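Remarks on the overall topology
What follows is the residue order along each chain.
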Amino acid sequence: AEKGYAPAQYNMGVLDEHGKGVPKNYKTAMKWYKLAANNGNALAQVSLGNKYYFGKGVKKNYKRAMGFYRLAAEQGNTLAQSKVGLLYALGHGTKQDKFSAFIWWDIAAAQSQKDAVKNIKLLMKSMSPNEISKAQKLAQQCVRQNFKGC
């Protein structure tokens, strides 16, 4: 972990956060999560997104949550993709945008992410067939572009 191996850094964060084999130390856990996230670890990025979204151990900050979720989503993490969709749907940390919510939920739902499957069904009830078709095409384009510019 101290040599920069992101999975080990993430695991150290988990151990410190939950007190597994070491005393609980939230400050140290955050240090490890940030190191792992900066080294591209999607699980650490989702963990940090959750911390900022819920204000757990840090001040609630939807914009920072969105930033961490997007980093993980762009690596293909389905939970993060679903969370990005949720933040777009609610307008948390970003402008409310049902098309962007649909795009991210569609991508995650295609990989059987349960929350995304449920949420996209609800969202589709408020969209016209033309809107759904447009959003589906944008989701496919997003995947083809490896999630860049979505």
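Located above this text is the structure these notes cover.
This one's a predicted model, so the numbers in the text were calculated from it and none came from an experiment.

Right, let's get into the overall build of the protein. For the protein, the count of helices and strands is eight helices and zero strands. N-terminal to C-terminal, the α/β element order of the protein is α-α-α-α-α-α-α-α. Computed over C-alpha atoms, the radius of gyration of the protein comes to 16 Å, within 12% of the 15 Å expected from 2.2 N^0.38 for 150 residues, which places it in the range of a compact globule. Dimensions of the protein, computed from C-alpha atoms along their principal axes, come out at roughly 55 × 30 × 25 Å. Across the protein, contacts joining residues at least 24 apart in sequence account for 48% of those joining residues at least 6 apart. With an accessible surface of roughly 8,300 Å², the protein has 53% of that area assigned to carbon and sulfur atoms.

Right, let's get into the nonpolar core. Formed by 40 residues in total, the largest nonpolar core has its most connected members in Y33, Y69, V84, F102, W104 and I107. Those elements giving two or more residues to this core turn out to be α2 (26–38), α3 (42–54), α4 (62–73), α5 (78–90), α6 (98–109), α7 (114–124) and α8 (129–144). Sorting elements by how many residues they give to this core places α6 first, with eight residues. Aside from chain neighbours lying at most four places away, what touches V84 is M66, Y69, R70, A73 and W104.

Attention now moves to a nonpolar patch on the surface. A cluster of nonpolar residues, M12, L15 and V22, forms a patch on the protein surface that exposes about 200 Å² of accessible area. One can find L15 in helix α1 (residues 6–18).

Our focus in this paragraph is the environment of A108. Note that A108 resides in helix α6. Since its relative accessible area comes to 0%, A108 is described here as buried. C-alpha separation for the pair A108 and G85, spaced 23 residues apart in sequence, amounts to 9.0 Å. With residues near it in sequence (within four places) discarded, A108 still touches T78, Q81, S82, Q113 and A116.

For the coordinates displayed, the defined rule picks out five salt bridges. Notably, a salt bridge pairs K56 with E17, separated by 3.4 Å at the nearest N-O pair. Of the two residues, K56 is situated in the loop between α3 and α4 and E17 in helix α1; the sequence distance between them amounts to 39 residues. Classification of E17 as buried rests on a relative accessible area of 9%. With its nearest N and O atoms 3.4 Å apart, the salt bridge here joins R70 to E74. Judged by relative accessible area, which is 16%, R70 ranks as buried. Overall, E74 belongs to the partly exposed group, its relative accessible area being 22%.

Before going further, it helps to spend a moment on the packing of α3 against α5. Look at α3 against α5: their axes get within 10 Å of each other, and the N-to-C directions meet at 30°. Our classification of the angle between α3 and α5 gives roughly parallel. Here α3 runs over α5; the crossing is left-handed. Note on element contacts: α5 touches α3 through L79, A80, K83, L86, L87 and L90, opposite V46, N50, Y53 and F54. Tallied by class, residues from the contact of α3 with α5 come to eight nonpolar, one polar and one charged.

About the thresholds
Residues numbered from 1 in each chain as written. Predicted model: local features only at pLDDT ≥ 70, side-chain atom pairs only at ≥ 80, totals over all residues. Heavy atoms only, no water. Helix = DSSP H or I, 4+ residues; strand = E, 2+ residues; numbered from the N terminus. Rg over C-alpha atoms; globule rule 2.2 N^0.38 Å. Contact = heavy atoms within 4.5 Å. Areas by Shrake-Rupley, 256 points an atom, 1.4 Å probe, with all protein chains shown as cover. Core = buried A, V, L, I, M, F, W, Y, C linked by side-chain atoms within 4.5 Å. Buried < 20%, exposed > 50% of the residue type's maximum accessible area, 1.4 Å probe, protein only. Patch = residues over 30% accessible without salt bridge, like charges linked within 9 Å, V, L, I, M, F, W, Y side chains within 5 Å. Salt bridge = Lys/Arg side-chain N within 4 Å of Asp/Glu carboxyl O. Axes fitted to C-alpha atoms, helices over the stretch in contact; angles between N-to-C directions. Parallel < 35°, antiparallel > 145°, perpendicular 65-115°, else oblique. Left-handed = near helix turned anticlockwise from the far one by under 90°. Nonpolar A, V, L, I, M, F, W, Y, C, P; charged D, E, K, R; others polar.

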